[in-house]
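Chain by chain, the residues run as shown.
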Amino acid sequence: MRLRVDSVLGEPQCCLLANTLKLYCIKMKFPTQRLYSLSRTVHHLNTPRINPRRLHWNSAARPYSTLKRFPLRTAKPLLWKVEYYPHRNFILARLATRLLKIRYLVLGSAVGGGYTAKKTYDQWKEMMPDLTAYKWIIPDFIWDLDEHINFEKIREMFSDAELAKLLPDFDKVGESLNHLKSLLSPGESLYNEIKGVSDLLLLDSAENSTAMKASDTQGFDNNGKQYKKVSDKDKAEQLQEELLRTQLKYQRILERLEKENKELRKQALQKDDKGIHLRKMKKSLIDLYSEVLDILSDYDSNYNTQDHLPRVVVVGDQSAGKTSVLEMIAQARIFPRGSGEMMTRAPVKVTLSEGPHHMAMFKDSSREFDLTKDEDLAALRNEIEIRMRNSVKEGQTVSAETISLNVKGPGLQRMVLVDLPGVISTVTSGMAADTKDIIFSISKAYMQNPNAIILCIQDGSVDAERSIVTDLVSQMDPQGRRTIFVLTKVDLAEKNLASPSRIQQIVEGRLFPMKALGYFAVVTGRGNTNEGIDSIKDYEGEFFQNSKLLKTGMLKAHQVTTKNLSLAVSDCFWKMVRESVEQQADAFKATRFNLETEWKNNYPRLRELDRNELYEKAKNEILDEVISLSQVTPKHWEEILQRKLWERVSTHVIENIYLPAAQSVNSGTFNTTVDIKLKQWTDKQLPHKAVEVAWETLEDEFARFMSEHKGKDHDDIFDKLKHAVKDESIKRHRWNEQAEDSLRVIQHNALEDRSISDKQQWDAAIHFLEETLQTRLRDTESVIRDMVGPDWQERWFYWKSRSPEQHVRNETKTELDRLLKINEEHTAYLANDEVTTVRKNLEAKNVDVDTILIKDTWHQVYRKHFLKKSLNHCNLCRRGFHYYQRHFVDSELECNNVILFWRIQRMLSITANTLRQQLTNTEVRRLEKNVKEVLEDFAEDNAKKIHLLTGRRVQLAEDLKRVREIQEKLEVFIEALHQEK
């Protein structure tokens, strides 16, 4: 390091220089020896023996002792002599210091001024709007290379003369931007412009003050003419009128600009043929918030206490005009109309958001209603009315089910409003008795939300003392921290009230005991239901422009018109949302944790399937079980069908065909009787019975597969659903109508055939006959046993006894058995003389009987006798196939009964085969189709799924899904909310 001193310094300057160098060396962390050597060296600069003009110091400093032994190396003296004058050196040093200081001051000021100007320029530049965010609206070719808008290209694009009138003067816009750019540029121009503007403002203020003083004191106008001095009161009225005119003027200008902006934005969005491509819009902030509210509205009543997200709840007395206020905010007549009757029968949640087109859409529908078209407006009102009436249960007047509607349009304030049924004081005819209480409960349920904004609507055309809703609002929000009061029909109020000061008392909060954040007065039309929104807005503006309420100061300008009301409600809504949404997200996060913990403790090995997922799983199982019907073997189908068909028709065959033919007097007429009865049976009953049997068989097999236990994979949570699907599918199924006709022909042909081809078929027919007769014999013996009571063994060993009626029956049976023993070939009917003989014999035994009892007993006794006789005849017919095959006729071996049962058995086999083919080829597929239709219908019916899939497991999984969905959507909404800030 080399230090060079080129000036003559005095002692103070040397000390100052030494200290400065010492501080510098300390900062640079030089060794201590160097600091000491440096101090000594600078000290020697002040001695007259050393020429201070040139001084060299080596950075390899030595200790102080070394410096004493080796003095500093000095430069060679100059040719001229430099004399040392202490006083003169001090003055020169001070002069040099001052000059040096001025130089650094100038340099520092220049640097600081430039930095300050640059910083000011950056701040002003940040205040300017970033137009690059709207590049999706403006085409790419309009922007130049420097990301600036090229106004010449815009002028060329909008060549239409009418459209060009709506565009601003781009030359003036360019001049304004250049002027603003010059203001933002650093340097003297910024200071000159600011100073010039400030001087002009001061000069203008001074001139106005002087003029006002002169006019007040002298009473002269600008032309020097004297006028009458104006009082302070008149001056205040003039200022008030001027203020109102100015406000209304700017209001009209703003509305005109909004309309122009709306039209320009529409044209810009729709002009796709000239290169303007719409950017895919993301969901807006209010749409994200509305989705959360829609999910919450699907919860049951147990979750109402957790739903503390803000809404704007519109409440008021019936016909107070709350629906009209909501329509003015939505800028469309979207609600059903009625004069004096209740039209709002269910809560309607309206989500307002900004969009290029004025349209409406229901949450559960994809249809868009164009609110600029009268036919779409009428269709929307009709749809809302239909949904309201469908939501009302039978016997009720109002419903708590929420109807969700989204309304978008240019200039709409973003918020969520809920229109509630009007509060009533008396239940009229045609209403349910509990209508008043239900309306109160619905209103309280929405207003008790601590973050709900209550929009209290009061009819200004009626006496304030008749209001009911104000007391209800005071109960829900006694401090008025979230209540906005709206006085409607102010035009009628001003016209009818003798004391307009009551309106002032109302809007100042001095008439009602309730408190509110703000008070507004609005006019929502002349009472004409067909009046448009634009007409109502014009009428409202014209009324308040001429109203004495504003001129006299009873109403403030910011308290009137629905436009100001909409802005105030929107600001209050978003303020409440920002203050409470994160707290609500934390609450749902805690709820989710509790539900997940409960699931892990109770169902650790099961997946968290909600009701829809469980339904899909059950649906797949049911369809698999239906498909398994097609895998049943043909043999199994035919065995089941044949057995069930015989069980259904066996009684008719025995009682109506076989026994009448076999018990006839002339046995030769057996075949004729059988053929006639079989023909009648086939034509009228048999095909229908067969179809019934087939349908019941299909139902039983389907039920068997549905209820079959599947071991570890079986889930009893689906049992109720499967049973309901089975019953509904069977109920909807209809057998093929042509099946009976084709089956009748097949059965008739089968019964006409009498040709038994082999001994095996003969033996099978005999076996079939014997089984049938034995079954009937057992049934007959059981009936007789019940008639006559216990036999002697039961009476002796089991201490049973006969009733008097059973005693009479037993004595009658004994007499009839004696009659059969005498004549074993007796006919099936008793003659009258035989009945008399039996009665007299019984009377001789002191048994009093009547004719009916004797005949009833004879029927069972003879039946038993005949069946035993037929069984014995079957044993004889086992060897009768030889005679049947050779067409021999032997009275002892007439086996017509065997042939009859062979015909019936063959008919059963053929019928079972035919029904099996119909089942496997047609009916199983039709049943599968019916099952799919039932499952699809149940899938669309949430109430059905809730009823059929129940239990804590289902409800817990359902709650977990909803809470997770709400938490996720809330997090997305909060993130978007932070980005918007």
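The shown structure was predicted, so the numbers you read here are calculated from the model rather than taken from an experiment. (Residues numbered from 1 in each chain as written. Predicted model: local features only at pLDDT ≥ 70, side-chain atom pairs only at ≥ 80, totals over all residues. Heavy atoms only, no water.)

Glancing now at the overall build of the protein chain. Along its length, the protein chain carries 34 helices and nine strands. Partitioning the contacts of the protein chain with sequence separation of at least 6, the portion at a separation of at least 24 is 78%. (Helix = DSSP H or I, 4+ residues; strand = E, 2+ residues; numbered from the N terminus. Contact = heavy atoms within 4.5 Å.)

Among the secondary structure elements, Lys644 is positioned in helix 21 (residues 634-662). Residue contacts for Lys644: discarding those within four places in its chain leaves Val693, Glu696, Thr697 and Asp700.

To continue, consider the state of the cysteines. One pass over the structure, following the stated rule, counts one disulfide. Left unpaired, Cys874 is separated from the closest cysteine sulfur, that of Cys877, by 6.3 Å. (Disulfide = S-S within 2.5 Å.)

Here the focus is the pattern of salt bridges. Tallied over the entire structure, the rule returns 43 salt bridges. For the salt bridge of Glu696 with Arg648, the shortest nitrogen-to-oxygen distance reads 2.6 Å. Of this pair, Glu696 sits in helix 23 (residues 686-707) while Arg648 sits in helix 21, and the two are 48 residues apart along the sequence. You can call Glu696 partly exposed: its relative accessible area is 32%. Take Arg648: its relative accessible area is 29%, and that puts it in the partly exposed class. One salt bridge connects Glu728 with Arg732, and the closest N-O pair in it is separated by 3.0 Å. Pair noted here: Glu728 and Arg732 are both in helix 24 (residues 719-732), with a separation of four residues, about one helical turn. The class for Arg732 is partly exposed, based on a relative accessible area of 31%. Each of Arg592, Glu596, Glu608 and Arg964 takes part in one network of salt bridges that share partners. (Salt bridge = Lys/Arg side-chain N within 4 Å of Asp/Glu carboxyl O. Buried < 20%, exposed > 50% of the residue type's maximum accessible area, 1.4 Å probe, protein only.)

Next up on the list: the side chain of Ser870. Turning to its location among the elements, Ser870 is positioned in helix 30 (residues 851-877). In this view, Ser870 contacts Tyr658 and Leu773; residues no more than four positions away in its chain are not counted.

The final tally for this structure, using the stated rule, is 15 aromatic pairs. Residues Phe543 and Phe544 carry aromatic rings whose centres are separated by 5.1 Å and whose planes lie at 70° to one another, so their mutual orientation is edge-to-face. Between Tyr658 and Phe901, the ring centres sit 5.5 Å apart and the planes meet at 75°, which makes this aromatic pair edge-to-face. Here Tyr658 is found in helix 21, whereas its partner Phe901 is found in helix 32 (residues 896-940), with 243 residues between them in sequence. Of the aromatic side chains, those joined through ring pairs into one cluster are Trp646, Tyr658, Phe768, Trp858, Tyr862, Phe866 and Phe901. Stacked on the ring of Phe362, the Lys or Arg Arg387 has its end atom at 4.1 Å from the ring centre. Between the NZ or CZ atom of Lys945 and the centre of the ring of Tyr615, over which it lies, the distance is 5.6 Å. (Phe/Tyr/Trp six-rings, centres within 6.5 Å; stacked < 30°, edge-to-face > 60°. Lys NZ or Arg CZ within 6 Å of the ring centre and 35° of its normal.)

Its 19 residues give helix 28 (residues 804-822) an end-to-end C-alpha distance of 28 Å, which sits within 8% of 27 Å, the value for a rise of 1.5 Å per residue. Among all positions of helix 28, only Gln806, Val808, Arg809, Asn810, Glu811, Thr812, Lys813, Glu815, Leu816, Leu819 and Leu820 are buried. For helix 28, the elements touching its buried residues are helix 26 (759-788), helix 29 (832-844) and helix 30. (Expected span 1.5 Å × (residues − 1).)

With that settled, the discussion passes to the pairing of strand 9 (residues 518-521). Regular strands have side chains that alternate between both faces of the sheet. Here strand 9 shows a buried face lined by Gly518 and Phe520 and a second buried face lined by Tyr519 and Ala521. Looking at chain direction, strand 8 (residues 483-488) and strand 9 are connected through four bridges and run parallel. If you follow Leu487 over to strand 9, its bridge partner there is Ala521. (Pairing = 2+ DSSP bridges.)

Let us now look at the packing of helix 21 against helix 26. Contact geometry of helix 21 with helix 26 gives a least axis separation of 12 Å together with a crossing angle of 85°. In terms of orientation, helix 21 and helix 26 fall into the roughly perpendicular class. For the pair helix 21 and helix 26, the contacting residues are Trp646, Ser650, Thr651, Ile654 and Tyr658 in the first and Phe768, Thr772, Leu773 and Arg776 in the second. Residues belonging to the contact of helix 21 with helix 26 are distributed by class as follows: five nonpolar, three polar and one charged. (Axes fitted to C-alpha atoms, helices over the stretch in contact; angles between N-to-C directions. Parallel < 35°, antiparallel > 145°, perpendicular 65-115°, else oblique. Nonpolar A, V, L, I, M, F, W, Y, C, P; charged D, E, K, R; others polar.)

Pairing between strand 3 (residues 359-362) and strand 4 (residues 369-370): two bridges, direction antiparallel. Residue Met359 lies in a different strand from strand 4, and its bridge partner there is Asp370. Connecting strand 3 to the next strand, strand 4, in antiparallel fashion are six residues. Sheet topology places strand 3 next to strand 5 (residues 403-409); four bridges connect them, and they run antiparallel. Residue pairing for strand 5: Met359 is matched across the bridge by Lys408.

Glancing now at the nonpolar core. By size, the foremost hydrophobic cluster in this structure holds 96 residues, and its most contacted members are Tyr658 and Val931. Here this core takes 17 residues from helix 32, the largest share from any one element. Beyond its immediate sequence surroundings of up to four residues, Tyr658 is in contact with Val653, Phe670, Leu773, Phe866, Ser870, Asn897, Leu900 and Phe901. Counting residues in hydrophobic clusters, the runner-up holds 60 residues, among them Leu285, Leu412, Val569 and Phe973. (Core = buried A, V, L, I, M, F, W, Y, C linked by side-chain atoms within 4.5 Å.)

The next point concerns the environment of Lys495. Looking at the element boundaries, Lys495 is found in helix 15 (residues 490-496). Sequence spacing of Lys495 and Ser461 is 34 residues, and the spatial spacing of their C-alpha atoms is 8.9 Å.

Each pair of packed helices can be described by the angle between their axes along with the distance between the axes. Here helix 10 (residues 285-297) crosses helix 19 (residues 562-602) at 50°, and the two axes come no closer than 13 Å. Taken together, the axes of helix 10 and helix 19 lie oblique to each other. Handedness of the helix 10/helix 19 crossing: left-handed. In this structure, helix 10 contributes Leu285, Ile286, Tyr289 and Leu296 to the contact, and helix 19 contributes Phe573, Trp574, Val577 and Phe588. (Left-handed = near helix turned anticlockwise from the far one by under 90°.)

Once that is clear, we can look at helix 32. With 45 residues, helix 32 extends 62 Å from end C-alpha to end C-alpha; this agrees with the ideal 66 Å at 1.5 Å per step. Of all the bends in helix 32, the greatest measures close to 45° and is centred on Leu919. (Bend = angle between axes of the 7 residues up to and from the residue.)

What follows concerns a nonpolar patch on the surface. A cluster of nonpolar side chains, Trp792, Trp796, Phe797 and Tyr798, forms an exposed patch at the surface whose accessible area comes to about 630 Å². Within the secondary structure layout, Trp796 lies in helix 27 (residues 792-797). (Patch = residues over 30% accessible without salt bridge, like charges linked within 9 Å, V, L, I, M, F, W, Y side chains within 5 Å. Areas by Shrake-Rupley, 256 points an atom, 1.4 Å probe, with all protein chains shown as cover.)

As a further point, take unusual backbone geometry. The phi dihedral of Gln331 falls on the positive side, at around 60°, and the residue is not glycine. Residue placement: Gln331 occurs in the loop between helix 11 (322-330) and strand 2 (348-354).

Looking now at the confidence of the model for the protein chain. Averaged over every residue, the pLDDT of the protein chain is 76; the share at 70 or more is 69%. Across residues 42-88, where pLDDT falls below 50, the model places 54 contacts with residues more than four positions away in sequence or in other chains. The low-confidence segment residues 888-892, where pLDDT is below 50, has two contacts with residues more than four positions distant or belonging to other chains. (pLDDT = per-residue confidence, 0-100.)

Spatial ordering of the open sheet is given by 4-3-5-2-6-1-7-8-9, a layout of nine strands whose pairing is mixed. Either end of the sheet is taken by a strand with one partner, and the two such strands are strand 4 and strand 9. Two elements, strand 1 (residues 312-316) and strand 6 (residues 415-419), share three bridges in a ladder whose sense is parallel. In the sheet register, Val313 faces strand 6, and the bridge partner there is Val418.

Among the surface-exposed residues, Glu843, Asp848, Asp850 and Asp856 lie close enough to one another that they form a single negatively charged patch. Mapping Asp848 onto the fold places it in the loop between helix 29 and helix 30. Overall, Asp848 belongs to the exposed group, its relative accessible area being 66%. (Lys, Arg positive; Asp, Glu negative; His and termini not counted. Charge placed at Lys NZ, Arg CZ, Asp CG, Glu CD.)

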